[in-house]
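One letter stands for each residue in the lines below.
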Amino acid sequence: MRSNKVLVTRGPADVPDRSARGAVAPRESGFANLTEAVDAVAAVDALLASLAASRAVLMESVREWVAERPEQFEAPAAEADDVAGLAPELVEQLARALRVPEGSAVALIEESRALVHEHPRTLAALRGGHISHAHAQTILGYTDGLRRANRVALETRLLKHARTTTPGELSLVAHTERERRLRPDVRPEPRVVASARSRRQRVSASPTGRPTR
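Residues numbered from 1 in each chain as written. Predicted model: local features only at pLDDT ≥ 70, side-chain atom pairs only at ≥ 80, totals over all residues. Heavy atoms only, no water.

A. Region of interest: the overall build of the protein. Within the protein, the regular secondary structure consists of 9 helices and 0 strands. Listing each helix as α and each strand as β along the protein from the N terminus yields α-α-α-α-α-α-α-α-α. Residue burial in the protein is summarised as follows: out of 213 residues, 29% are buried. Pairs at least 24 residues apart make up 51% of the contacts formed inside the protein by residues separated by at least 6 positions. For the protein, the computed accessible surface area is about 14,600 Å², with 54% contributed by carbon and sulfur atoms. (Helix = DSSP H or I, 4+ residues; strand = E, 2+ residues; numbered from the N terminus. Buried < 20%, exposed > 50% of the residue type's maximum accessible area, 1.4 Å probe, protein only. Contact = heavy atoms within 4.5 Å. Areas by Shrake-Rupley, 256 points an atom, 1.4 Å probe, with all protein chains shown as cover.)

Okay, here's the thing in structure tokens:
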């Protein structure tokens, strides 16, 4: 993939015009062909994913910094339906700085905590630009609430799919895989046991007490 350096110096006037077939950009645009142009866009997308990972790490650092100063920031006791237990001042300032509702700020904080502490492989894939922020959110959403072994197994499978699917397609895979892991194991009954049980049922159903055929 090309270096991002060229993307920083290239301004809006450098956006290529589409050729008659859309296959080759004019040489004066700075791109040799469409593939090179698309690769440049993909490089920016990977950079955005990496920045999302950096934001998650930084946001978790801020949360931990606030949590280590209970005398300075009063955090409410965590309720059963409030897993955050975050200092109101932290939520208020983050919401104002990011220009989002406070509920969205809380969601970002919790997402960052999950990425850093529970899903380091998803965080690494995001930082490397191998998946998008939307892919990471899908993985976190569908692995939430699972036991550790199931969570790790599902995360592994979804990370593999995330590299070649859209977030919507990944969501379909995740839904099926999660349901399979939540469903109790139904193991087929051994043939010998099943046969014996069937034989007992036929005996009890016979008026003479003898096996029926």
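B. Local environment of the nonpolar core. Counting 20 residues, the largest nonpolar core has L115, L126, I131 and L158 as its most contacted members. Listing elements by their share of this core, those giving two or more residues are α2 (34-67), α4 (102-117), α5 (120-127), α6 (133-143), α7 (148-162) and α8 (167-182). Apart from residues lying up to four places away in sequence, L115 is in contact with A56, P120, T122, L123, L126 and L140. L86, A87, L90 and L108 belong to the second-largest nonpolar core, a separate cluster that totals 12 residues. (Core = buried A, V, L, I, M, F, W, Y, C linked by side-chain atoms within 4.5 Å.)

C. Expanded view of the packing of aromatic side chains. Under the defined criterion, the tally for this structure stands at 1 aromatic pair. Between W65 and F73, the ring centres sit 5.7 Å apart and the planes meet at 55°, which makes this aromatic pair tilted. By relative accessible area, which is 40% here, W65 ends up partly exposed. (Phe/Tyr/Trp six-rings, centres within 6.5 Å; stacked < 30°, edge-to-face > 60°.)

D. Expanded view of the pattern of salt bridges. Per the stated rule, a full pass over the model turns up 7 salt bridges. For the salt bridge of E60 with R63, the shortest nitrogen-to-oxygen distance reads 2.7 Å. Within this pair, E60 and its partner R63 are both found in helix α2, separated by 3 residues, close to a single helical turn. By relative accessible area, R63 is classed as buried at 13%. For the salt bridge of E68 with R69, the shortest nitrogen-to-oxygen distance reads 3.9 Å. Here E68 falls in the exposed class, since its relative accessible area comes to 57%. A single salt-bridge network, built from bridges that share partners, covers R157, E177, R180 and R181. (Salt bridge = Lys/Arg side-chain N within 4 Å of Asp/Glu carboxyl O.)

E. Fine view of the side chain of T143. Residue position: T143 is located in helix α6. Residue T143 is classed as buried on the basis of its relative accessible area, which comes to 0%. Separated by 3.4 Å, the side chain of T143 and the backbone oxygen of L140 make a polar contact. With sequence-adjacent residues up to four places away left out, T143 is seen in contact with H119, R151, L154, E155 and R178. (Polar contact = N/O pair within 3.5 Å; in protein donor to acceptor, adjacent residues only side chain to side chain.)

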